Amino acid sequence: MKTMAILLLALMLTTKLTASTTGFVVREGEAVTIVCDTLTAEPVVRSALRMFAGDCKAVLGSDVRMGAEGSIVLTIAAGRPEGFRLEVNGGKLHVTGSDAHGLAYGLIEVSRLMGVSPWEWWADATLQRRSTFELPSGFATEQAPDVEYRGIFINDEDWGLLPWADAEYGHGNKKGTIGPAASERIFQLLLRLRANTYWPAMHECTEPFFLTQGNREMAERYGIYIGGSHCEPMACNAAGEWARRGKGDYDYVHNAENVYRFWEDRVKAVAGQPILYTIGMRGVHDGAMKGAKTVEEQKAVLERVFRDQRGLIQKYVDPDATKVPQVFIPYKEVLDVYNAGLTVPEDVCLMWCDDNYGYIRHFPTAEERMRKGGNGVYYHVSYWGRPHDYLWLGTFSPALLFQQMTTAYDQGIRKIWMLNVGDIKPAEYQIELFMDMAWDMQSVRRTGWTGHLGCFLAREFGSELGAQLLPVMQEHYRLAHIRKPEFMGGTRTEESNRAYWNTIRDLPWSEAFIDQRLAEYQRIEDEAERLAGKTEPGRRDEYFQLVKYPVQAAAEMNKKMLYAQKARHGLSDWAMSDAAYDSIQTLTRIYNQGIDNQGKWQRMMDCHPRRLPVFDPVSHTTASTPMTEQPQCLAHWNGADCVGGDFTPCEGLGYEGKAVEITKGKSIVFNLENCPADSVEVEVRLLPVHPVEGDAIRFQVSFDGQQSDVTDYETHGRSEEWKMNVLTNQAVRRFRFAVKNKKFHRVEIKALDAGVVLDQLCLYQ
């Protein structure tokens, strides 16, 4: 990147507008004059100026031209990296950036204040015209990111982003290309979200990012650091490039010379642009490395790989490799190698991963928090793999994202946050929540994720409609937390038992539970339909994409599977399930064809990714075993129903949105009167998190003073228990106690480790 010294000259954005003595005013239709030496400005600033000019035209009808005087002043001054300050003084708006990125973010913040949504293009958030834009005298805001590198990973793009890019921008491009035109749209979104890092799509079906002409230059234009996932070291897409640029096997034990040259060629080519280098090595795609079989062998190979890769950085990028941002990602089996004593250079960021379903596997120890390279996180709101994909609908729980990422931040993970977003759509809200937390954690923490969602909906659809939509979207996310739409067939992917792949099966729910769930979905589906009629002109496509499609498609998927389950038992007509399938197809056609946007998202939405059986019409069969009958419970509580103890509420998290985190070493208490049984079974339903400290997450139950054994509910690898946990978003443990002859009974749940989150508690006879 060019040195910041070239930005020491003040940049002036000036307007031929009437400046109020009491504040800053922009009136509709008056020309905006910009004084800015584009030859000395960083590319990211020039890009922000272009975007701001487009926003001015759309919102105020103001043309932009070059000139000499005006009322918006852009300057550079020392401050926190990528920070900015906006201040109204003497009728002028001063935008001060600590560096080029800060200046760009400050300018885009002015667009936000004008009412421009970050999703103005990506969700058809039509810009609303206004006659005046005004900021009062004394207005000031100062902002800087809490996390240094913040970005997204485009992944599993086969059924959404890639076919859409082919349809929308494919003219003249090689088939299977996400080229510079599509990349520019992505980078504009990142700039509006105040993000600075991008991991490009890497499946074999996609032309690799660095082999696509124009992509590198577009990233530089928007100040984007290009990185790569756990299996893409040294800015190389091994899955897409090894077969074309490599020679022999991708094996550093038996073919190190050719693998080294593969990395070297790329580092030489990109040494002059911002790269966040992933170091280490896995297999060509998402598998273990070749040539080293045992953990000790893998550790030896990785330490050699580190030395060689950092040697390339020293040779081609900077003789002092510690000045070049690098990350090591102990993902899946590589975490075992790291835990076996792998030595990672001190200046390299350690990036921890969730288990692909939103539960972070490892939080840094005190020693890891002290590392110069810091700590990062790679997090999923979209995933392809076992026990089942969730690639279709963006239903990932914002409550879980908020709980896990606040924990990550509090545990010192503040260097790099990367979010696997699939195709971007339809995970718009989760992306914005994640990026806003990375930018200003305390601001989001103050409002909570519910307040944040409410502000998102009010910004996009107006305060009145947004307020009515908030409970709809909260319920939408809550129901999907109980079971995601993609999991409704009881099937699994990539299991050794192929019957799991192909056979739709009953879920372990009673008829009463099914009827209740169907009714809950019907309520929000009907409300989404009713509120669609209140949507402002010009926002019909946005409403469909952000609200109607996800809510109604999720509801119809539940209808399809649950009416089928009832029909297998002779409790419903198969036509109800078949009609739900047809509704999903119709909704998807509307999404792709658009309402007013002329088919802008053609091929973006695919309602049967990977062609899995769960997305097909349900075959008309008859059940051979009875439907599950739910046992009658003596008492049922949510975590927040406790009558005392030491805990922190987890906003909106859990089956009924009332989970609590119990303080380490403390208990919470539940009281029960008049238990008729001689013994009771206490069923504890916990959020299936992983340890925050150490390698265990333990709790203990007591009933009328009788104590259970200490229970550790940590899961390892892809065990059957872990699969059940992530499919249901609960970890369940059961304990039996004798009932003494008392009128009043006391149940206590004690957390022996940090991070224990109690969702629900049930007592059975």
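Figured I'd write up the structure that's included with this text.

### Re the overall build of the chain
Argument step 1. Within the chain, the regular secondary structure consists of 19 helices and 29 strands.
Argument step 2. Scaling as 2.2 N^0.38, a compact globule of 765 residues should have a C-alpha radius of gyration of about 27 Å, and the chain matches this with 27 Å.
Argument step 3. For the chain, the C-alpha atoms occupy an extent of roughly 85 × 65 × 50 Å along the three principal directions.
Argument step 4. Classification of the 765 residues of the chain by burial places 61% in the buried group.
Argument step 5. Here the contacts in the chain between residues at least 6 apart in sequence split such that 76% fall between residues at least 24 apart.
Argument step 6. Separation of charge centres in the chain, based on 85 positive and 101 negative side chains, amounts to 2 Å.

### Some details on empty space enclosed by the protein
Argument step 1. In total, this model carries 8 cavities of 30 Å³ or more according to the counting rule given.
Argument step 2. Volume-wise, the largest cavity comes out at about 130 Å³.
Argument step 3. P426, Y429, M473, Y477 and L546 are, among the 16 residues lining the largest cavity, the residues nearest its centre.
Argument step 4. Every element with two or more residues in the lining of the largest cavity is listed here: helix 12 (428-439), helix 13 (441-461), helix 14 (463-482) and helix 17 (540-568).
Argument step 5. The biggest single contributor to the lining of the largest cavity is helix 17, with 4 residues.

### Quick word on the packing of helix 11 (residues 398-410) against helix 12
Argument step 1. Two numbers describe how helix 11 lies on helix 12: the axes approach to 10 Å, and their chain directions differ by 20 degrees. With respect to their mutual orientation, helix 11 and helix 12 come out roughly parallel. Here the hand of the crossing between helix 11 and helix 12 comes out right-handed. Contact residues: helix 11 offers P398, L401, F402, M405 and T406, while helix 12 offers Y429, Q430, L433, F434 and M437.

### Quick word on the pattern of salt bridges
Argument step 1. Within the structure shown, the criterion is met by 52 salt bridges.
Argument step 2. Measuring nitrogen to oxygen at the nearest pair gives 2.6 Å for the salt bridge that ties D63 to K57.
Argument step 3. Among the residues examined, D63 registers a relative accessible area of 45% and is labelled partly exposed.
Argument step 4. Residue classification places K57 among the partly exposed positions, given a relative accessible area of 42%.
Argument step 5. Here R733 ties to E721 by a salt bridge, and the two come within 2.7 Å at their closest N and O atoms. Of this pair, R733 sits in strand 27 (residues 731-738) while E721 sits in helix 19 (residues 720-728), and the two are 12 residues apart along the sequence.
Argument step 6. Residue classification places E721 among the partly exposed residues on the basis of a relative accessible area of 29%.

### Section: unusual backbone geometry
Argument step 1. Cis geometry is found at the peptide bond from R386 to P387, where omega equals 10 degrees.
Argument step 2. Structurally, the position occupied by P387 is in the loop between strand 16 (375-380) and helix 11.
Argument step 3. One non-glycine residue with positive phi stands out, namely R194, at about 60 degrees.
Argument step 4. By the secondary structure assignment, R194 is in the loop between helix 4 (180-192) and strand 11 (197-199).

### Description of the nonpolar core
Argument step 1. One finds W122, F187, W263, W417 and I749 to be the most contacted residues of the largest nonpolar core, which totals 246 residues.
Argument step 2. Looking at this core element by element, the count peaks at 15 residues for helix 17.

### Structural notes on the environment of F139
Argument step 1. When you line up the elements, F139 lands in the loop between strand 8 (132-136) and strand 9 (140-143).
Argument step 2. When the C-alpha positions of F139 and G23 are compared, they lie 8.2 Å apart, and in sequence the two are 116 residues distant.
Argument step 3. Discounting residues that sit within four places of it in the chain, F139 has contacts with L86, E87, V88 and L113.

### A few points about the packing of aromatic side chains
Argument step 1. Evaluated as defined, the whole model comprises 45 aromatic pairs.
Argument step 2. With centroids separated by 5.4 Å and ring planes inclined at 45 degrees, the aromatic side chains of Y357 and Y390 adopt a geometry described as tilted. Residue Y357 is found in the loop between strand 15 (349-353) and helix 10 (366-369), and its partner Y390 is found in the loop between strand 16 and helix 11; the two are separated by 33 residues along the sequence. Judged on exposure class, the residue Y357 and its partner Y390 are both buried.

### Description of the packing of helix 17 against helix 18 (residues 574-593)
Argument step 1. Running from N to C, helix 17 and helix 18 cross one another at 160 degrees; their axes reach a closest spacing of 7 Å. With respect to helix 18, the axis of helix 17 lies roughly antiparallel. Read as a crossing pair, helix 17 and helix 18 show a hand that is left-handed.
Argument step 2. Residue composition of the contact of helix 17 with helix 18, by class: 15 nonpolar, 5 polar and 4 charged.

### Focus on the pairing of strand 16
Argument step 1. With 6 of 6 residues buried, strand 16 lies mostly within the body of the structure.
Argument step 2. Neither face of strand 16 is open: one carries N375, V377 and Y379, the other G376, Y378 and H380, and all of them are buried.
Argument step 3. Sheet topology places strand 15 next to strand 16; 4 bridges connect them, and they run parallel. Residue M351 lies in a different strand from strand 16, and its bridge partner there is G376.
Argument step 4. Pairing of strand 16 with strand 17 (residues 416-422) involves 5 bridges; the strand directions are parallel. Bridge pairing links H380 to N420 in strand 17.
Argument step 5. For the crossover that starts at strand 16, traverses helix 11 and ends in the parallel strand 17, the hand is right-handed.

### Focus on the layout of surface pockets
Argument step 1. Reported here for the largest pocket is a volume of approximately 1,200 Å³.
Argument step 2. For the largest pocket, the lining is made up of 41 residues, of which W509, F513, Q630, Y655 and R685 are closest to its centre.
Argument step 3. Taken together, the residues that form the lining of the largest pocket break down as 16 nonpolar, 10 polar and 15 charged.
Argument step 4. Of the voids in this model, the second largest pocket is the one considered here, and its volume is about 760 Å³.
Argument step 5. If you go around the second largest pocket, you meet 31 residues; those closest to its centre are L335, D336, N339, R361 and E714.
Argument step 6. The set of elements that each furnish at least two residues to the lining of the second largest pocket consists of helix 9 (333-339), strand 15 and helix 10.
Argument step 7. Taken together, the residues of the lining of the second largest pocket break down into 11 nonpolar, 9 polar and 11 charged.

How each quantity is defined
- Numbering of residues starts from 1 in each chain and follows the order in which that chain's sequence is written.
- In view of the model being predicted, local features appear only for residues whose pLDDT reaches at least 70, and side-chain atom pairs are presented and counted only at 80 or more, with totals across whole chains, interfaces and linings using the full set of residues.
- Only hydrogens and water are set aside when side-chain values are computed; all heavy atoms of the structure are taken into account.
- Strands are runs of DSSP state E lasting at least 2 residues, helices are runs of H or I lasting at least 4, and numbering of each runs from the N terminus.
- The quantity called the radius of gyration is restricted to C-alpha atoms. Its globule counterpart is 2.2 Å times the number of residues to the power 0.38.
- Three exposure classes are used, based on accessible area relative to the maximum for each residue type with a 1.4 Å probe and protein chains only: buried under 20%, partly exposed in between, and exposed over 50%.
- The criterion used for residue contact is that any of the two residues' heavy atoms lie within 4.5 Å.
- Charge counting follows a simple rule: Lys and Arg are positive, Asp and Glu are negative, and His as well as the terminal groups are ignored.
- Every charge is mapped onto a representative atom, which is NZ of Lys, CZ of Arg, CG of Asp or CD of Glu.
- Cavity means a closed set of points on a 1 Å grid over the protein atoms alone, one where a 1.4 Å probe fits but cannot get out, pocket means an open set with protein on both sides within 12 Å along at least 5 of 7 lines, and lining means a residue has an atom within 4 Å of a point.
- Grid points are joined across faces, edges and corners, and a volume is the space filled by probe spheres set on the points.
- Working convention: axes come from line fits to C-alpha atoms, limited for helices to the stretch in contact. Angles between N-to-C directions cover 0 to 180 degrees.
- These descriptions rest on fixed angle ranges, namely under 35 degrees for roughly parallel, over 145 for roughly antiparallel, 65 to 115 for roughly perpendicular, and the rest for oblique.
- Note on convention: the crossing is left-handed when the near helix lies turned anticlockwise from the far helix by less than a right angle, right-handed when the turn is clockwise.
- Salt-bridge detection follows one rule: a side-chain nitrogen of Lys or Arg within 4 Å of a carboxyl oxygen of Asp or Glu.
- By nonpolar core is meant a set of buried Ala, Val, Leu, Ile, Met, Phe, Trp, Tyr and Cys residues that side-chain atoms within 4.5 Å join together.
- Here is the rule: rings of Phe, Tyr and Trp (six-membered ring for Trp) pair when centre to centre is within 6.5 Å. Planes less than 30 degrees apart are stacked, more than 60 are edge-to-face, and the remainder are tilted.
- Classes in brief: Ala, Val, Leu, Ile, Met, Phe, Trp, Tyr, Cys and Pro nonpolar; Asp, Glu, Lys and Arg charged; the others, Gly included, polar.
- A pair of strands is treated as paired once DSSP finds two or more bridges between them.
- Viewed with both strands pointing away, a crossover whose connecting path from the first strand over the helix to the second turns clockwise is right-handed.

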